[in-house]
Amino acid sequence: MHLLVNALVWRSNSRRFGGFAMFPSPESSLSVSGRCLKSWNDLMSLLLEKVRKSYVEPSGRKLPVLGIDRFEVKQGEQVALLGASGGGKTTLLNIISGILTPDAGSVVVDGRDLATMPEVVRDRYRANRIGIVFQTFNLLPAFTALENVMLGMAFSGKGADREFAKQLLERVGLGHRLNHSPSKLSVGEQQRVAVARALANKPVLLLADEPTANVDPANQQLILDLIRDTCRDHNVSLLMVTHSMDVASSFKRVERLQDFNRPELCL
Amino acid sequence: MNLLTIAWKSLLQRRLASSLTALSIALGVMLMVLVLVVFGAVDSAFTQRSIGYDLIVGPKGSDLQLVLSAVYRMQPPIENLPYMYLEQLKKDRRIVSAVPLAFGDVTKEGSFPIVGTTTEYFENEYMPGQNFRIRGKRINGLFDTIIGAEVARQNGWDVGSQFNIVHGGAESDHVHDEKFTVVAVLARTGTANDRTVFLNLEGFYAIAGHEKPVAEIEKRLKDFYAADPERLAVAMKQLEEVKAHEAESGGHDHHDHSHSTPDAMKEVSAILVKTRKEIPSDSLLLTSDIQKGFQAMAVNPVRPIHKLVNGLLGNIQTAMIVLIAIIILVSGVGIFVSIYNSMSDRRKEIGIMRALGAGRMHVFGIILGESTLLCLGGGLLGWFVGHGLAIAAAPWVIQQIGLLIDPWTLNKWESILFPVLIGLATLVGFLPAMTAYRTNVADALQS
């Protein structure tokens, strides 16, 4: 029954997206497994509530990492997230993307709570709703640029759309490098492929983990602009983790993790 | 792009290791195909396609020895039957053709068996649906011969060649004086006929030294026809005439002239019998009738050999298949090692795929897909190469050893080969696939 409800909600959400217009309709009322959001009027792509996450060290000691009472990203909003090393940024991204589950709390992405989803549903939901751009690009070396973009589609359950993958690569200026393997691409080009791959399934939320950290200064702004412009064009919310104040300063909304994360809440 | 495409791409990334492991499976499968083809050819040569006759009639004794001597010419004859018995069989309405064979001698060169027979032997099919193709002319003279293809090849004989024969077998040193002439050469048949020299039956009797003492013949006929006084009387009458002739001539030898041998003095080693096709029970009833009386027996030419081949070659074939199965299993272990060793290098790759939305079952399926592609790819390659080699070698094998190879005959083992390979792929891919399944995505992405 639980899965059936999820599937119905999923389907109703899917219907709302036509082509690249991915805004959910404001009128839609969404049920979240185990709980019900009365409305989605505030158009949030991401809502974290009372999220707690601790790790258990080999010694058995509990290491609190995240204690977030509320954090949200509105639809189409672009947020820069600053944080010190070891401050829990990666854990936060992993929880938002459903790679990790919180010990407590809800992680609502596009109206559904990832924390209560079975893993298999969460994986599929991640494929369809969340794009991820890694710091180290993480392109698979066995695949060409085009195939890397299509790889993201392969797990979405909708099948790989070669034409759309081509359009995405053309959009990031790599229309002439479709069949090049990552090793034949420059660092900047690799990151552009990674951006195209993250957008392949028309996500509502793009998570970028220091996407310019490994890019030469000449390409940094290019990549940054590319990510932000593409998200803007496709109405995709963006949460970008960065160390760079320069990068953060270009965002309207900048959050410091330590301002809203209180790990001690886990205790 | 589906899971198999992703698996294929991953294999291409490790081209060398993938090719080598697939090749090891291919070699195992190729060996298996070759063994099956060769054993299939041997089995076929010794059983289903050995002879175009329904029964072999010979003196009572070992049925296997009778078949080995009459069909394969590998054994000396058990004993002989009176020629009169052949005439008696020919009168049986159930018998369509009864061809006598008399043998025991060999050629001086190459020790090929000499078989005395009639022209009917060459008119009948030598195996179902196969007729002799003869280059040369028919046997007319007493010492005209038709030789098999292998005899011609090994001894370098052709039409017009002359040769001597050795009495009684290769170990004997008694060479007959008569010179035999090749008048025709048989096209290759893939049977024992290729290694046989055929002689006019009358010529066989005319060879000096082949006649037996009258007293011995008399004793044999009395034993053979003990239950048939009428025929015995006819035979005895003929023997009396021979005795009278010998008394008249003072027991001279026949080296300088020849007499026509009376039927009672003639013997045959075996009789090949064809029964009426339209009444299949003929052969069964005839066998039963022959077993009942006299001292002859009729055997199905296939059954004793089939028993022998199954008993002897069957075990060897099974042993070889078991050995090859072990080779394939070891190759499977190679695939396991190759994939398993690559798992630590691919941890991050798996983490990335999971982060992109691949479920645990996706990555499990990709790894299983890799082992399946390696096993099936290697298996298909080995299967085609095996049959390809069999096709290439078939003409050479038939020329060298007279074994007819049908490279496309599918063995029952081959029908289970690919399901077994899929099972093997699942087996060897399971543990690496489980490693992928259990990969901690967050840790893998950090690695």
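Up top is the structure these notes are about.
Quick summary incoming for the structure in this document. The shown structure was predicted, so the numbers you read here are calculated from the model rather than taken from an experiment. (Residues numbered from 1 in each chain as written. Chains lettered and ligands numbered in written order. Predicted model: local features only at pLDDT ≥ 70, side-chain atom pairs only at ≥ 80, totals over all residues.)

### Some words on the nonpolar core
Counting 124 residues, the largest nonpolar core has Val149 and Leu205 of chain A as the members making the most contacts within it. It is helix H2 (residues 15-46) of chain B that contributes the most residues to this core, 12 residues altogether. Grouped together as the second largest cluster of nonpolar side chains are 68 residues, Leu89, Phe103, Trp157 and Val182 of chain B included. (Core = buried A, V, L, I, M, F, W, Y, C linked by C-beta atoms within 7 Å. Buried ≥ 20, exposed ≤ 12 C-beta atoms within 10 Å, placed from the backbone. Helix = DSSP H or I, 4+ residues; strand = E, 2+ residues; numbered from the N terminus.)

### What about the pairing of strand E3 (residues 95-107) of chain B?
Residues and elements named next belong to chain B. With 10 of 13 residues buried, E3 lies mostly within the body of the structure. In this structure, E3 lies alongside strand E14 (residues 270-275), joined through six bridges in antiparallel fashion. Bridge pairing links Pro100 to Ile271 in E14. Pairing between E3 and strand E4 (residues 113-117): three bridges, direction antiparallel. Of the residues in E4, the one forming a bridge with Ala102 is Gly116. In textbook terms, the turn of a hairpin is the stretch between consecutive antiparallel strands, and for E3 and E4 this stretch comprises five residues, one of which, Gly110, has a positive phi near 85°. In terms of strand pairing, E3 meets strand E10 (residues 165-166) through two bridges, oriented antiparallel. The partner of Thr107 across the bridge, within E10, is Ile165. (Pairing = 2+ DSSP bridges.)

### Points about the interface of chain A and chain B
Facing the 23 residues of chain A at the interface are 17 residues of chain B. Counting residues per element, the ones that place at least two in the side of chain A that touches chain B are helix H3 (119-129) and helix H4 (145-154) of chain A. Across the side of chain A that touches chain B, the residue classes break down as 14 nonpolar, five polar and four charged. (Contact = placed C-beta atoms within 7 Å. Nonpolar A, V, L, I, M, F, W, Y, C, P; charged D, E, K, R; others polar.)

### A look at H3 of chain A
The α-helix advances 3.6 residues per turn, and as a result positions three or four apart in sequence lie on the same side. Across the 11 residues that make up H3 of chain A, a large majority, nine, are buried. If you check which residues of H3 of chain A are buried, you get Val121, Arg122, Asp123, Arg124, Tyr125, Arg126, Ala127, Asn128 and Arg129 of chain A.

### Comments concerning the packing of helix H6 (residues 187-198) of chain A against helix H7 (residues 217-233) of chain A
To characterise two packed helices, one gives the angle between the axes of the helices and the distance between these axes. Residues and elements named next belong to chain A. Between H6 and H7, the least distance of the axes is 10 Å, while the angle of their chain directions is 10°. Considering their axes alone, H6 and H7 lie roughly parallel with respect to each other. In the crossing of H6 with H7, the sense of the turn from one axis to the other is right-handed. Residue-level inspection shows Val187, Gly188, Gln191, Arg192 and Val195 of H6 in contact with H7, the latter providing Asn219, Leu222, Ile223, Leu226, Ile227 and Thr230. (Axes fitted to C-alpha atoms, helices over the stretch in contact; angles between N-to-C directions. Parallel < 35°, antiparallel > 145°, perpendicular 65-115°, else oblique. Left-handed = near helix turned anticlockwise from the far one by under 90°.)

### Concerning the sheet that holds strand E11 (residues 253-256) of chain A
Residue and element names in this part refer to chain A. With parallel pairing, the five strands of this open sheet are ordered in space as E8-E9-E10-E5-E11. Either end of the sheet is taken by a strand with one partner, and the two such strands are strand E8 (130-133) and E11. Taking the axes of each pair of neighbouring strands and ignoring which way they run, one obtains an average angle of 20° across the sheet. As paired elements, strand E5 (residues 78-82) and E11 share four bridges and run parallel to each other. Residue pairing across strands places Val79 opposite Arg253, the latter belonging to E11.

Everything listed is a geometric property; what it means functionally is a separate question.
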